[in-house]
Amino acid sequence: SNNEGEIQVNISKIADNTVDLSIYDNGIGINKDIIKNKTFGFGLSLVEIMVQQIEGQIKFENLNGTKVTIIFPLI
């Protein structure tokens, strides 16, 4: 069996002043209750605070792993 993990990081400009940053891994995925209830640990809480500071939006998905998408304006 292949136990190697994979991480993908994609960044693209989706509008004149808007950026889409997506981070994906093929691990076990984030617990759906964590996403639904926003019961983040310290690390994800820091990420959420930083996204708020740059006036962005964050989205978590389970796609045969975890995908985190952050959309934010260029300042």
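Scroll up to find the structure.
The paragraphs below set out a description of the structure included in this document. Each chain has its residues counted from 1, following the order in which its sequence is written. Whole-chain, interface and lining totals are the exception, using all residues; otherwise, since this is a predicted model, local features are given only for residues with pLDDT of at least 70 and side-chain atom pairs are given and counted only at 80 or more. With hydrogens and water set aside, each side-chain value is computed from the structure's full complement of heavy atoms.

## Description of the nonpolar core
Nonpolar core, defined: a set of buried Ala, Val, Leu, Ile, Met, Phe, Trp, Tyr and Cys residues in which side-chain atoms within 4.5 Å join the residues together. Relative accessibility thresholds used throughout: buried, under 20% of the residue-type maximum; exposed, over 50%; partly exposed, between the two (1.4 Å probe, protein chains only). Counting residues in each nonpolar core, the largest one holds 8 residues, listed as V19, I30, F40, V51, F60, V68, I70 and F72. In this text, helices come from DSSP runs of H or I with a minimum length of four residues, and strands from runs of E with a minimum of two, each type numbered from the N-terminal end. Broken down by element, this core gets its largest block of residues, 3 residues, from strand β4 (residues 66-73).

## Some points on the pairing of strand β2 (residues 18-25)
Pairing between strand β1 (residues 7-15) and β2: 8 bridges, direction antiparallel. Residue pairing in the sheet places I11 in a bridge with L21 of β2. Counted between consecutive antiparallel strands, the loop separating β1 from β2 contains 2 residues. Pairing between β2 and β4: 8 bridges, direction antiparallel. Bridge pairing in β4 places D25 opposite T66. Strands are labelled as partners when DSSP assigns at least two bridges between them.

## Section: the sheet that holds β4
Reading across the sheet, the 4 strands line up as β1-β2-β4-β3 and stay open at both edges, with antiparallel pairing between neighbours. Taken across any chain shown, the strands that pair with only one partner, and hence form the sheet edges, are β1 and β3 (57-62). Across the sheet, the mean angle separating the axes of adjacent strands is 15 degrees when strand polarity is ignored. Whether two residues are in contact is decided by their heavy atoms: any pair within 4.5 Å suffices. Interaxial angle, 0 to 180 degrees, is taken between N-to-C directions of lines fitted to C-alpha atoms, where a helix line uses only the stretch in contact. Where helix α2 (residues 42-53) meets the sheet, it contacts β3 and β4, and its direction lies at approximately 140 degrees from that of β3.

## Section: the environment of E4
In this structure, E4 sits in the segment before β1. Counting along the chain gives 22 residues from E4 to N26, while the straight-line C-alpha distance between them is 9.4 Å.

## Some remarks on α2
For an α-helix, the turn length of 3.6 residues means that residues three or four places apart are oriented alike. For α2, spanning 12 residues, the distance from its first C-alpha to its last is 17 Å, which sits close to the expected 16 Å at 1.5 Å a residue. Just past α2, the residue E55 takes up positive phi, approximately 55 degrees. Any helix carries an expected span of 1.5 Å times its number of residues minus one.

## Let's talk about the side chain of S22
On the secondary structure map, S22 appears in strand β2. A distance of 3.0 Å separates a polar atom in the side chain of S22 from a polar atom in the side chain of D20. For this analysis, a polar contact is any N or O atom pair within 3.5 Å, provided that within protein one partner can donate a hydrogen and the other can accept it, and provided that sequence-adjacent residues contribute only side-chain to side-chain pairs.

## Remarks on the environment of I71
Along the polypeptide, I71 turns up in strand β4. For I71 and I11, which are 60 residues apart along the polypeptide, the C-alpha to C-alpha distance reads 9.7 Å.

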